[in-house]
Amino acid sequence: NAGVTQTPKFQVLKTGQSMTLQCAQDMNHNSMYWYRQDPGMGLRLIYYSASEGTTDKGEVPNGYNVSRLNKREFSLRLESAAPSQTSVYFCASSGSGTGREKLFFGSGTQLSVL
Amino acid sequence: SQQGEEDPQALSIQEGENATMNCSYKTSINNLQWYRQNSGRGLVHLILIRSNEREKHSGRLRVTLDTSKKSSSLLITASRAADTASYFCATLAEGGSYIPTFGRGTSLIVHP
């Protein structure tokens, strides 16, 4: 049982380049999330998707776009990367009802923007 | 913005000792959760305590919640080197969205 799978694990970009972070879950969860983690800042929510076909902004959405491709997949796109987007990115998912409260996380993508 | 704030930021203990970390929050909550993050890995859910509960146990973990003080504590008894990790509290605001807000975490090092 893979849970939440993120790709790639590591990425180095130059300022202005674009890329898409991929996330897939195999737990039939309705909700999916993208967080970024910076030293001393904890986790901050970028975007989330309550169900297939819906997406909403979180705390720090600027510079990012998302796509909920289907129930399994939720991608995060950086259209024009900036050094301020150097961070570790985590995808997470959660179920329905009271199961929605507990998040399952992927292992993260470490992104460096030079 | 962070709802929960963990204290201390870092904790270093010997194997076999107990580890206590605290979380304070600002607004009324539905529940509070604790997650563990091993180095280079994603967060793993440990335990959830609801606003009408005062104490909860799971194996060597004991969580307390004091809603009057807006604080929670996580106690790990008889710590092991494998408990070395960062621990985060996450709060779910009352009447708000279902998405938990994470604190900055406590880094725990357990020396063998």
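Cut-off values and rules
Residues numbered from 1 in each chain as written. Chains lettered and ligands numbered in written order. Predicted model: local features only at pLDDT ≥ 70, side-chain atom pairs only at ≥ 80, totals over all residues. Heavy atoms only, no water. Core = buried A, V, L, I, M, F, W, Y, C linked by side-chain atoms within 4.5 Å. Buried < 20%, exposed > 50% of the residue type's maximum accessible area, 1.4 Å probe, protein only. Helix = DSSP H or I, 4+ residues; strand = E, 2+ residues; numbered from the N terminus. Contact = heavy atoms within 4.5 Å. Disulfide = S-S within 2.5 Å. pLDDT = per-residue confidence, 0-100. Salt bridge = Lys/Arg side-chain N within 4 Å of Asp/Glu carboxyl O. Polar contact = N/O pair within 3.5 Å; in protein donor to acceptor, adjacent residues only side chain to side chain. Nonpolar A, V, L, I, M, F, W, Y, C, P; charged D, E, K, R; others polar. Pairing = 2+ DSSP bridges. Axes fitted to C-alpha atoms, helices over the stretch in contact; angles between N-to-C directions.

Undergrad: Mind laying out the nonpolar core, listing which residues take part and the relevant values?
TA: Counting 22 residues, the largest nonpolar core has B:M21, B:L32, B:W34, B:L74, B:I76, B:Y87 and B:L108 as the members making the most contacts within it. Elements represented by at least two residues in this core include exactly β2 (10–14), β3 (19–25), β4 (29–37), β5 (43–50), β7 (61–66), β8 (71–76), β9 (85–93) and β11 (106–111) of chain B. Sorting elements by how many residues they give to this core places β3(B) first, with four residues. Aside from chain neighbours lying at most four places away, what touches B:I76 is B:E17, B:N18, B:A19, B:M21, B:R60, B:L61, B:D83, B:Y87 and B:L108. A:V4, A:C23, A:I46 and A:A81 belong to the second-largest nonpolar core, a separate cluster that totals 20 residues.

Undergrad: Can you tell me about the state of the cysteines, naming the residues and giving the values?
TA: All names here are of chain A. Under the criterion given, the structure shown has two disulfides over all chains. C23 shares a disulfide with C91; S-S distance 1.9 Å. On the sign convention where negative is left-handed, the bridge of C23 and C91, at about -75° about the S-S bond, is left-handed. Of this pair, C23 sits in strand β3 (residues 19–25) while C91 sits in strand β9 (residues 87–94), placing them 68 residues apart in sequence.

Undergrad: Please provide a residue-by-residue account of the confidence of the model for chain B, values included.
TA: When pLDDT is averaged along chain B, the result is 93, and 96% of the positions lie at 70 or above. Within chain B, β7(B) carries the highest mean pLDDT (98), whereas strand β1 (residues 4–7) of chain B carries the lowest (83).

Undergrad: Report on the interface of chain B and chain A, specifying residues and quantitative values.
TA: Contacts between the two partners involve 21 residues from chain B, matched on the other side by 22 residues from chain A. At the junction of chain B with chain A, the criterion picks out one salt bridge. A:E101 is paired through a salt bridge with B:R50; the nearest N and O atoms lie 2.9 Å apart. On the surface where chain B and chain A come into contact, there are five residue pairs in polar contact (both at pLDDT 80 or more). Where the side of chain B that touches chain A is concerned, the elements lending two or more residues are β4, β5 and β9 of chain B. Taken together, the residues that form the side of chain B that touches chain A break down as nine nonpolar, nine polar and three charged.

Undergrad: Residue-level account of the confidence of the model for chain A, with values.
TA: Residue-level pLDDT values for chain A average 94, and 99% of them are 70 or greater. Considering each helix and strand of chain A separately, the mean pLDDT is smallest for strand β5 (residues 42–49) of chain A, with a value of 94, and largest for strand β8 (residues 74–78) of chain A, with 98.

Undergrad: Before we move on, could you go through the sheet that holds β3(A) and cite the residues and values that matter?
TA: Residues and elements named next belong to chain A. As summarised here, the arrangement of the four strands in space is β1-β3-β8-β7, forming an open sheet in which the pairing is antiparallel. Of all the strands in the sheet, just β1 (4–7) and β7 (64–68) have a single pairing partner and so form its edges. Direction aside, neighbouring strands of the sheet carry axes that sit 15° apart on average. Across three bridges, β3 lies against β8 in antiparallel orientation. Considered in β8, the bridge of L21 is made with L76.

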